[in-house]
Amino acid sequence: MEDDVKISLTPLAERMRPTNLDEFVGQQHLLGPGAVLRKMIESGSMSSFILWGPPGCGKTTLARIIAHTLQRDFYTLSAVTSGVKDVREVIAKASSNRMFAVHGAPILFIDEIHRFNKAQQDALLGAVESGIVVLIGATTENPSFEVISPLLSRCRVYVFKSLEVKDLDVLLERALATDAELKSLKVKVLEKEALFRFSGGDGRKMLNILELVCTNQAASGEVIIDNKTVTEILQENIALYDKNGEQHYDIISAFIKSMRGSDPNGAIYWMARMLAGGEDPLFIARRMLILASEDVGLANPNAALLAQACFNAVHQVGMPEARIILAETCIYLATSPKSNSAYMAIDAALEAVGKGTPLPVPLHLRNAPTSLMKDLGYAKDYKYAHAFEGNFVDQEFLPDEISGTRFYEPGDNAKEAPLRERLRRLWGEKYNY
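Everything numeric here is computed off the predicted structure, so don't read it as measured data.

S.K.: For this particular structure, what's the right way to read the overall build of the protein?
M.R.: Of regular secondary structure, the protein possesses 21 helices and seven strands. The C-alpha atoms of the protein give a radius of gyration of 28 Å, which is well past the 22 Å a tight globule of 433 residues would have. Across its three principal axes, the protein shows a C-alpha extent of roughly 90 × 55 × 45 Å. Buried positions account for 42% of the 433 residues belonging to the protein. In the protein, of all internal contacts separated by at least 6 residues, the share reaching a separation of at least 24 is 72%.

S.K.: What should I look at first to understand helix H6 (residues 118–130) in this one?
M.R.: At 3.6 residues per turn, the α-helix brings residues three or four places apart onto the same side. The end-to-end C-alpha distance of H6 is 19 Å, a good match for the 18 Å that 13 residues give at a rise of 1.5 Å each. The largest bend in H6 amounts to roughly 25 degrees and is located at Leu124. If you check which residues of H6 are buried, you get Gln120, Gln121, Ala123, Leu124, Leu125, Ala127 and Val128. Turning to H6, the residues buried within the fold contact helix H5 (84–96), strand E3 (107–111), strand E4 (134–139), helix H7 (143–146) and helix H8 (149–152). One or two residues past the end of H6 sits Gly131, with phi positive at roughly 80 degrees.

S.K.: What is the right way to read the sheet that holds strand E2 (residues 74–78) from this model?
M.R.: In a beta sheet, neighbouring strands are held together by backbone hydrogen bonds and run either parallel or antiparallel to one another. On the basis of which strands lie adjacent, the open sheet formed by five strands has the order E2-E3-E4-E1-E5 and parallel pairing. Two strands bound the open sheet, and with one partner strand each, they are E2 and strand E5 (156–159). In this sheet, adjacent strand axes meet at a mean angle of 20 degrees when their direction is disregarded. Here helix H3 (residues 36–43) sits on the sheet and contacts strand E1 (49–52) and E5; the angle it forms with E5, its principal contact strand, is near 125 degrees. Contacting E1, E2, E3 and E4, helix H4 (residues 59–70) runs over the sheet at an angle of about 170 degrees to E3.

S.K.: What is the right way to read the nonpolar core from this model?
M.R.: Across soluble globular proteins, nonpolar side chains show a tendency to be buried alongside one another. Core analysis: the biggest nonpolar cluster contains 28 residues, and Leu182, Leu195, Met206, Leu207, Leu210, Cys214 and Ile225 have the highest contact counts within it. Elements with a contribution of two residues or more to this core: helix H1 (12–15), helix H9 (165–178), helix H10 (180–185), helix H11 (193–199), helix H12 (203–217), strand E7 (223–225) and helix H13 (227–237). It is H12 that provides the largest number of residues to this core, a total of six residues. Ignoring sequence-local partners within four residues, the contact set of Cys214 consists of Leu182, Leu185, Val187, Val223 and Ile225.

S.K.: Sorry if this is basic, but what is going on with the pattern of salt bridges here?
M.R.: Working definition: two side chains of opposite charge can pair if their charged atoms are close together. Here the structure, examined in full by the defined rule, presents 21 salt bridges. One salt bridge connects Lys166 with Glu164, and the closest N-O pair in it is separated by 3.8 Å. Since its relative accessible area comes to 44%, Glu164 is described here as partly exposed. Between Arg197 and Glu193 there is a salt bridge, and its shortest N-O distance comes to 2.7 Å. With a gap of four residues between them, Arg197 and Glu193 both fall in helix H11, about one helical turn apart.

S.K.: How should the packing of H5 against H6 be read in this particular structure?
M.R.: When two helices pack together, their arrangement is given by the angle between their axes and by how far apart the axes lie. Close contact between H5 and H6 brings their axes to 9 Å; oriented N to C, the two are set at 10 degrees. Considered as vectors, H5 and H6 are oriented roughly parallel to each other. Seen from above, H5 lies across H6 with right-handed handedness. Across from Val84, Val87, Arg88 and Ile91 in H5, the residues of H6 making contact are Ala119, Gln120, Ala123, Leu124 and Ala127.

S.K.: What am I meant to see in the side chain of Asn413 here?
M.R.: Structurally, the position occupied by Asn413 is in the loop between helix H20 (371–375) and helix H21 (417–431). Engagement of the side chain of Asn413 in a polar contact is seen with the side chain of Glu416, the distance being 2.8 Å. Residue contacts for Asn413: discarding those within four places in its chain leaves Leu298, Ala299, Lys338 and Ser339.

S.K.: Help me understand the state of the cysteines, please; the structure alone is not making it clear to me.
M.R.: A disulfide bridge is the covalent bond that connects two cysteines by way of their sulfur atoms. Evaluation of the coordinates by the stated rule reveals zero disulfides. A disulfide-free cysteine, Cys310 has its sulfur positioned 9.5 Å from the sulfur of Cys330, the nearest such atom.

S.K.: Just checking my understanding: could you explain the side chain of His364 for this structure?
M.R.: Structurally, His364 can be placed in the loop between helix H19 (341–353) and H20. Residue classification places His364 among the buried residues on the basis of a relative accessible area of 16%. A distance of 2.7 Å separates a polar side-chain atom of His364 from the backbone oxygen of Glu396.

S.K.: I keep staring at the packing of aromatic side chains and nothing clicks. Help me out?
M.R.: The description of an aromatic ring pair rests on the distance of the ring centres and on the angle between the ring planes. Under the criterion given, the structure shown has seven aromatic pairs. Plain terms: the ring middles of Phe49 and Tyr158 are 5.5 Å apart, the flat faces sit at 70 degrees to each other, and that makes the pair edge-to-face. Of this pair, Phe49 sits in strand E1 while Tyr158 sits in strand E5; the two residues are 109 residues apart in sequence, bridging distant segments of the chain. According to the relative accessible area criterion, Phe49 is buried, its value standing at 0%. With a relative accessible area of 7%, Tyr158 lands in the buried category. Consider the rings of Trp427 and Tyr431, whose centres lie 5.7 Å apart with planes at 70 degrees: the pair is edge-to-face. Of this pair, Trp427 and Tyr431 are both found in helix H21, four residues apart, which corresponds to roughly one turn of the helix.

S.K.: Sorry if this is basic, but what is going on with the packing of helix H16 (residues 281–296) against helix H17 (residues 302–317) here?
M.R.: Packing of H16 against H17 brings their axes to within 9 Å, and their N-to-C directions diverge by 170 degrees. On the basis of the axis angle, H16 is roughly antiparallel to H17. Where H16 abuts H17, its residues Pro281, Leu282, Ala285, Arg286, Met288, Leu289, Ala292, Ser293 and Val296 lie against Ala303, Ala304, Ala307, Gln308, Cys310, Phe311, Val314 and His315. Taken together, the residues of the contact of H16 with H17 break down into 13 nonpolar, three polar and one charged.

Conventions and cut-offs
- Residues numbered from 1 in each chain as written.
- Predicted model: local features only at pLDDT ≥ 70, side-chain atom pairs only at ≥ 80, totals over all residues.
- Heavy atoms only, no water.
- Helix = DSSP H or I, 4+ residues; strand = E, 2+ residues; numbered from the N terminus.
- Rg over C-alpha atoms; globule rule 2.2 N^0.38 Å.
- Buried < 20%, exposed > 50% of the residue type's maximum accessible area, 1.4 Å probe, protein only.
- Contact = heavy atoms within 4.5 Å.
- Expected span 1.5 Å × (residues − 1).
- Bend = angle between axes of the 7 residues up to and from the residue.
- Pairing = 2+ DSSP bridges.
- Axes fitted to C-alpha atoms, helices over the stretch in contact; angles between N-to-C directions.
- Core = buried A, V, L, I, M, F, W, Y, C linked by side-chain atoms within 4.5 Å.
- Salt bridge = Lys/Arg side-chain N within 4 Å of Asp/Glu carboxyl O.
- Parallel < 35°, antiparallel > 145°, perpendicular 65-115°, else oblique.
- Left-handed = near helix turned anticlockwise from the far one by under 90°.
- Polar contact = N/O pair within 3.5 Å; in protein donor to acceptor, adjacent residues only side chain to side chain.
- Disulfide = S-S within 2.5 Å.
- Phe/Tyr/Trp six-rings, centres within 6.5 Å; stacked < 30°, edge-to-face > 60°.
- Nonpolar A, V, L, I, M, F, W, Y, C, P; charged D, E, K, R; others polar.

Structure (structure tokens):
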């Protein structure tokens, strides 16, 4: 039997890649009948846009389908491997072929566009604005943070979603029914839950798992897909770190909890696991910036400044040198005193805001730019703090209905101890500090 097994050199996910919109699975909110992206494609009038969504939901596939459907020249760059020189070369080629592009401007697809630095993105601006190319970018990160404003303003952003179980089921049944290699194995599907669960809404991953499970059983003469078999084969073959899967969330959780728990050794180990597994260093830097405010907070306000500087430096420098900047920040945050007082304060305030109807701003705190507003009592009796000794005067800053409510509770640390004493001196009776 083993001699009869033919292993394709092309992965199943690539063999099953759709070639037209009717074969495309998922994203019906954008590609269903009458939906915005489908209407744009069917009209043939394309403008630049960015697809933002998780891995394996069809971003690259859609870009190829669009180019094929509209018979446009198609150029592709990966932000991981391409530099400014590559961008300029592609734009120059597109510009020189412009007169022969009878079906419209060529499409330039940039995968992982969030990894392009400012200089690389700047190099795109002129070509996008003048219509030399139609840009289709793909990103797993929020483009509001990762794409420069001038480029973002010239592109629409469409949000892709993880595939639903019904979408994964369509892909599975289609692969089993149409792929010659799988058909030759006579695959018997008894259970699908584990297959879909481990894929995490990622169509490419689901097909990769399916192929792995089938390949592992091919020599036995019988291929069974059930929860037990899928789990056992994955446990034997799964990578130590999967940046897009379940391990991703477990390891980032361990990383955050190690820093929160003031253990630099645990934190640096989990960071190393992520870097070795190919995690985007900007993702790590972003998580540390959040932790600097959420968990270090007012116990060491400089932590947020360092974390922001780290994020900017990692964006500019890139790997492998960025690992040193990340490590320095990681150790600094892990060894800093901790306070979540600001985090707790804003959550408490948001909870209060969410209860009942919005409370009116007291008249003395309102702005009074017109005489009518002054006649109505706006800003009346407001006391300007700088006109009083110590730049402080006791007055009400909350609506009457929640007067005296304390949202901020100073943490028990050296930095916030003086804050508690000051608040006690100023507001002790009112807020019971």
